[in-house]
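# Coordinate analysis (summary)
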Amino acid sequence: MESRKETFHRYNQFNQLIRAIIIGILTGLVVSVFRLIIQHFLQLVTASFAYFHSHPLWLIPWTIGSIILALLLGWLAQSYPDIKGSGIPQVEGQLTNQFDEKWWPVLWRKFLGGIFAIGSGLYLGREGPSIQLGATIGQGVEEKAKVGHLNRQIGIASGAAAGLSAAFNAPIAATIFILEEVYHNFSPVIWLATFVSSLCSNMVSMQFFGLRPVLNVPYNHMLPNNLYWHLIALGILLGILGRLYQVIILHLNGWMARIPKLSPIAYPIIPFLLVIPIAWYFPITLGGGNELIIILRSLPFSLALFVGLFVLRFVFSMISYGSQLPGGIFLPILTLGAILGAVYCALMVRLGLMPVRYLPNFIIYGMAGYFACISKAPFTAILLITEMVGSLAHLMPLALVAVVAYLVVDALHGEPVYTAMFNAFIGNNPQPARHKEDVTMSITIYAGARLDGCKIKDFPWPIDCIVMVIYRGEEKIIPNGQTKLQAGDTLILRANSATTRQAYHEISRAAHYAQG
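First, a word on scope: everything that follows refers to the structure included in this document. (Residues numbered from 1 in each chain as written. Predicted model: local features only at pLDDT ≥ 70, side-chain atom pairs only at ≥ 80, totals over all residues. Heavy atoms only, no water.)

## Considerations on the packing of aromatic side chains
Inspection of every chain in the model, using the stated rule, returns 22 aromatic pairs. When the centroid spacing of 5.3 Å and the interplanar angle of 70° are considered together, the rings of F362 and Y365 count as edge-to-face. Of this pair, F362 and Y365 both sit in helix α14 (residues 359-375), three residues apart, which is roughly one turn of the helix. You'll find F362 and Y365 in the same group, each marked buried. When the centroid spacing of 4.6 Å and the interplanar angle of 70° are considered together, the rings of F459 and W461 count as edge-to-face. The residues F459 and W461 share a single accessibility class, namely buried. A connected cluster of aromatic rings, assembled from ring pairs, spans F168, F177, F330, F371 and Y418. The ring centre of F209 lies 3.8 Å from the NZ or CZ of R35, which sits over that ring. Over the ring of Y123 we find R313; its NZ or CZ atom is 3.9 Å from the centre of that ring. (Phe/Tyr/Trp six-rings, centres within 6.5 Å; stacked < 30°, edge-to-face > 60°. Helix = DSSP H or I, 4+ residues; strand = E, 2+ residues; numbered from the N terminus. Buried < 20%, exposed > 50% of the residue type's maximum accessible area, 1.4 Å probe, protein only. Lys NZ or Arg CZ within 6 Å of the ring centre and 35° of its normal.)

Here it is in structure tokens:
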């Protein structure tokens, strides 16, 4: 017969799953509408510039309107910094208890700011904003339910995964990305609710956009074994250029600040003016890049064209992101990877080392490899591209390219781009000390870490830090000094908010790395 504690624990789990379903449905609705408006906005911009070709005088009011809109968006982003950029660093800060924000002010500002920034044609992605939108919805649902700090964290993670799932129709990869790259927590307490939210969000998104894969890149030929050496060469190329991407994206804010007599509010004027000639000559490249990825295989097969597209996308995506407007780098990275795959294929065809029929294959491989090395999340990259393309046939080539690109960036001392952006964000947005409050945080122990096999009494816990609960699979343990910790345990700790960040880093290091 179940004890009262076990019954209560199962009741709490059931309620958490109910809230996860609600979070998934609400996030699916919000993010799908977000996607739909951006899609129609981009179509309007493209149609407008097609009209301007025969009525060029309309460019004058369009330019004036662009400057006004840029200043309004710049004011919105600078007056409420929590909506800047992709939003992933903000979500990671919340999940590691190093940052916090109010959900409703961020939700509506990110929604409107993202629509106008991405929909205007800037090379920004909708995926990071979708993650932050979902996180705010999860936070709002859990706060309204008043279910405590741990459930609030689970709600934020669930909403974040649901947001990415709705943006890409990829629920499995969305769940893995949030747990692997953002939350760094694979506890059973977390993953089930997160996956349920992702599935529910994906179901809602499919009602808006159908069953067609987001990046439908058809291919007719499998890569034969004797050409697999190209995957290693492509991985090396992607890794080198991926490290270059990391270096530049992380220095953007410093470089923008050096522009003389230019207020941060006016940063968006630069990309909003530059997007006008791009929309005039290359309208298919506008936005995050999903349309360009789909038609890339249908463009004239030209090495010069593919290299030109890469340079254009690389440079203007940096300028767009440097404006600090709401918009991410997720899809722009995939777009750059797809173009690099096409560049490599075109080069090998010119050298007589590969038939042209493998162009679609290398577009797909390039996306996975470039994202894997820049984010340093190869498992997520493989699953993401597999789900988005809608085929399992590429698993082996994707894995090989992703791992090689990852190893190259690692050898060049690159760190995960979202982690680096998170550290920069936290450094620029320190949280005020609240000495009279305590904060709850959760950390999962990895195999071989210092805490793996350690008794609670034998570890030098930070001052004012207490292990409240240990989740071991489905088991909930109330610990004492003799309790021996194991790999896979999720610790629920309470610490003084004034020292939360330091405590989190100390314990996280002991939970993830071996002694020495």
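## What about the pattern of salt bridges?
The final tally for this structure, using the stated rule, is six salt bridges. A salt bridge links E142 to R19; the nearest nitrogen and oxygen atoms lie 2.8 Å apart. In this pair, E142 is assigned in helix α5 (residues 127-145) and R19 in helix α1 (residues 4-52), connecting sequence segments 123 residues apart. Neither E142 nor R19 differs from the other in exposure class; each is buried. Here E143 makes a salt bridge to R152, at a shortest N to O gap of 2.9 Å. Classification of R152 as buried rests on a relative accessible area of 11%. One continuous salt-bridge network, built from bridges that share partners, spans D100, E143 and R152. (Salt bridge = Lys/Arg side-chain N within 4 Å of Asp/Glu carboxyl O.)

## Quick look at the environment of I477
Tracing the backbone shows I477 in strand β3 (residues 475-477). Given a relative accessible area of 13%, I477 falls into the buried group. Once the C-alpha coordinates of I477 and N253 are considered, the two residues, 224 residues apart in sequence, prove to be 46 Å apart. Not counting residues within four places of it along the chain, the set of residues in contact with I477 comprises V469, I470 and R472. (Contact = heavy atoms within 4.5 Å.)

## A look at the packing of helix α13 (residues 330-350) against α14
Contact pair α13 / α14: the axes reach a minimum separation of 6 Å and the direction vectors enclose 135°. Taken together, the axes of α13 and α14 lie oblique to each other. Two packed elements cross with a definite hand, and for α13 against α14 that hand is right-handed. Of the residues in α14, those touching α13 at F330, I333, L334, L336, G337, A338, L340, G341, A342, Y344 and C345 are L359, F362, I363, G366, M367, Y370, F371 and I374. A per-class count over the contact of α13 with α14 returns 16 nonpolar, three polar and no charged. (Axes fitted to C-alpha atoms, helices over the stretch in contact; angles between N-to-C directions. Parallel < 35°, antiparallel > 145°, perpendicular 65-115°, else oblique. Left-handed = near helix turned anticlockwise from the far one by under 90°. Nonpolar A, V, L, I, M, F, W, Y, C, P; charged D, E, K, R; others polar.)

## Details of the side chain of Q139
Residue placement: Q139 occurs in helix α5. Engagement of the side chain of Q139 in a polar contact is seen with the backbone oxygen of E101, the distance being 2.8 Å. Sequence-distant contacts of Q139, defined by excluding residues within four places in its chain, comprise Q94, D100, E101, K102, W103, R152, G155 and I156. (Polar contact = N/O pair within 3.5 Å; in protein donor to acceptor, adjacent residues only side chain to side chain.)

## Examining the environment of F330
Its location among the elements puts F330 in helix α13. On the basis of relative accessible area, F330 is assigned to the buried category, the value being 0%. With 205 residues separating them along the chain, F330 and G125 place their C-alpha atoms 5.9 Å apart. Not counting the four nearest positions on each side in its chain, F330 is found in contact with E127, L164, F168, F177, F371, L384 and Y418.

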